Amino acid sequence: HNPRTMAFESAKKTPAPRPSFGRAAALSVLLLSSCAAFSHAFTPTTLLGGAKSMAPSTPASAGAFVVPSPMHNKQLAPSGSSSLQMNFVSDFITEKDMERRLKDNDKYIAGLQNRVDSINALEPDIEDLGDDELAARTKEFRERLAKGEDINGKILEESFAVVREAAWRVLEQRHYDVQLLGGLILHDGRLAEMNTGEGKTLVATLPCYINALTGKAAFVITTNDYLARRDMEKMGQVHRFLADHNILE
């Protein structure tokens, strides 16, 4: 089928002037905000399918774009309707934006997975430490940071491995990989979306510990007094186990 050209027309039906570079911004607003009347009324689904294969704009027409003719598609609106809901444009933009965000997120998570693998590789050596030796790592970490070591370097992975071992000894709860990922994301200053049952409370022990090592305050915010008290009493056992009696002051 031949492509059908659909253009936004002015209210007075006068020929639209050829757009210039100086009016590009105004034309963009017109394209996104105007209501268009067409000889055929198409459903948003049909137009969205056509928009995805959008051809280059027609230079001689103001605000025109070309989509494949939908006559072979029976998804036509009732014959009495001549208006088009423009939400397909926003849906198309949102879909493309979401695809980009998901791609970037997958790449970011893949990079963090390498750090999770490094944390897991430290586990056998950390397991061999006695309780006093494990707790002594806190003082060692603080001294290394005070000397200028990068908090996002190797010490980050070491501290996460220490917290995981401490949580197992004190609470008999071991951080799984997904919880290590959550801790790394929070430490990076981002939001971590986790499902119910994935152990968000245990996740918080990781970034809280590493950031408290700097000597600055680290806060865990929760939704109500009951949860704040419960989590402080339970998860606080991990931090008290690792404390050099100065870290919590």
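Counting restarts for each chain, with residues numbered from 1 along the sequence as it is written. For this predicted model, a pLDDT threshold of at least 70 governs which residues receive local features, and a threshold of 80 or more governs which side-chain atom pairs are given and counted, while totals over whole chains, interfaces and linings are taken from all residues. Where side-chain values are given, they derive from all heavy atoms of the structure, hydrogens and water being excluded.

**Q** Provide a residue-level description of the overall build of the chain, including the pertinent values.
**A** Under the scheme used here, helices are H or I runs from DSSP no shorter than 4 residues and strands are E runs no shorter than 2 residues, and both carry numbers assigned from the N terminus. When helices and strands are tallied, the chain shows nine helices and two strands. Put simply, the chain runs from its N terminus to its C terminus through helices and strands in the order β-α-α-β-α-α-α-α-α-α-α. Remark: exposure states derive from per-residue accessible area (1.4 Å probe, protein chains only) relative to the maximum for the residue type, with buried under 20%, exposed over 50%, and partly exposed in between. The burial tally for the chain puts 33% of its 249 residues in the buried class. Should any heavy atoms of two residues lie within 4.5 Å, those residues are considered in contact. Across the chain, the fraction of contacts at a sequence separation of at least 24, relative to all contacts at a separation of at least 6, is 75%.

**Q** Before we move on, could you go through the confidence of the model for the chain and cite the residues and values that matter?
**A** Every residue gets a pLDDT, meaning the predictor's confidence in that residue, from 0 to 100. Across the chain, the average pLDDT comes to 72, with 60% of residues at 70 or higher. At the low end of the mean pLDDT range in the chain sits strand S2 (residues 64-67), at 33; at the high end sits helix H5 (residues 154-171), at 96. Low confidence marks residues 1-17, where pLDDT is under 50. Its contacts with residues over four positions away, or in another chain, come to 40 contacts. In this model, residues 19-84 is a region of pLDDT below 50 whose contacts with residues beyond four sequence positions or in other chains number 93 contacts.

**Q** Tell me about the nonpolar core, residues and numbers included.
**A** Nonpolar side chains in soluble globular proteins tend to end up buried together. Among buried residues, the Ala, Val, Leu, Ile, Met, Phe, Trp, Tyr and Cys ones that are joined through side-chain atoms within 4.5 Å form a nonpolar core. Ranked by size, the top nonpolar core spans 31 residues in total, and within it Leu134, Phe160, Val162, Tyr209, Val238 and Leu242 carry the most contacts. Of all the elements in the fold, those that place two or more residues in this core are helix H3 (87-127), helix H4 (131-146), H5, helix H6 (177-187), helix H8 (205-212) and helix H9 (225-242). Ranked by the residues each element gives to this core, the list is headed by H5, at nine residues. When neighbours within four sequence positions are excluded, Leu242 is seen to be in contact with Leu134, Ala135, Thr138, Val162, Val163, Ala166 and Tyr209.

**Q** Outline the packing of H5 against H9, listing residues and values.
**A** It is the contact of H5 with H9, at a shortest axis distance of 9 Å, that shows an interaxial angle of 115 degrees. Classified by chirality, the crossing of H9 by H5 is right-handed. Mapping the contact onto sequence places Val162, Val163, Ala166, Ala167, Val170 and Leu171 in H5 and Lys234, Met235, Gln237, Val238, Phe241 and Leu242 in H9. When grouped by side-chain class, the residues that make up the contact of H5 with H9 number ten nonpolar, one polar and one charged. Angles run from 0 to 180 degrees between N-to-C directions of axes, and those axes are lines fitted to C-alpha atoms, restricted for helices to the stretch in contact. Left-handed is the label given to a crossing in which the near helix is rotated counterclockwise from the far helix by less than a right angle, and right-handed is the label when the rotation is clockwise. Any residue outside Ala, Val, Leu, Ile, Met, Phe, Trp, Tyr, Cys, Pro, Asp, Glu, Lys and Arg is labelled polar, Gly included; the first ten of those are nonpolar and the last four are charged.

**Q** How would you sum up H4? Please name residues and give values.
**A** The span expected for a helix works out to 1.5 Å for each residue beyond the first. Between its first and last C-alpha atoms H4 spans 24 Å; for 16 residues at 1.5 Å apiece the expected length is 22 Å, and the two agree. Within the sequence span of H4, burial applies to Leu134, Ala135, Arg137, Thr138, Phe141, Arg144 and Leu145. Directly after H4, the chain includes Gly148, whose backbone phi takes a positive value near 105 degrees.

**Q** Run through the pattern of salt bridges, naming residues and quoting values.
**A** Salt bridge, as applied in this entry: a Lys or Arg side-chain nitrogen positioned within 4 Å of an Asp or Glu carboxyl oxygen. All chains considered together, the criterion is met by 16 salt bridges. Note that Arg144 and Glu149 form a salt bridge whose closest N and O atoms lie 2.8 Å from each other. A salt bridge links Arg144 to Glu158, with the nearest nitrogen and oxygen atoms 2.7 Å apart. Remark: Glu158 occurs in helix H5 and Arg144 occurs in helix H4; sequence separation between them is 14 residues. Residue Arg144 is classed as buried on the basis of its relative accessible area of 19%. You can call Glu158 buried: its relative accessible area is 8%. Through salt bridges that share partners, Arg137, Glu140, Arg144, Glu149 and Glu158 make up one connected network.

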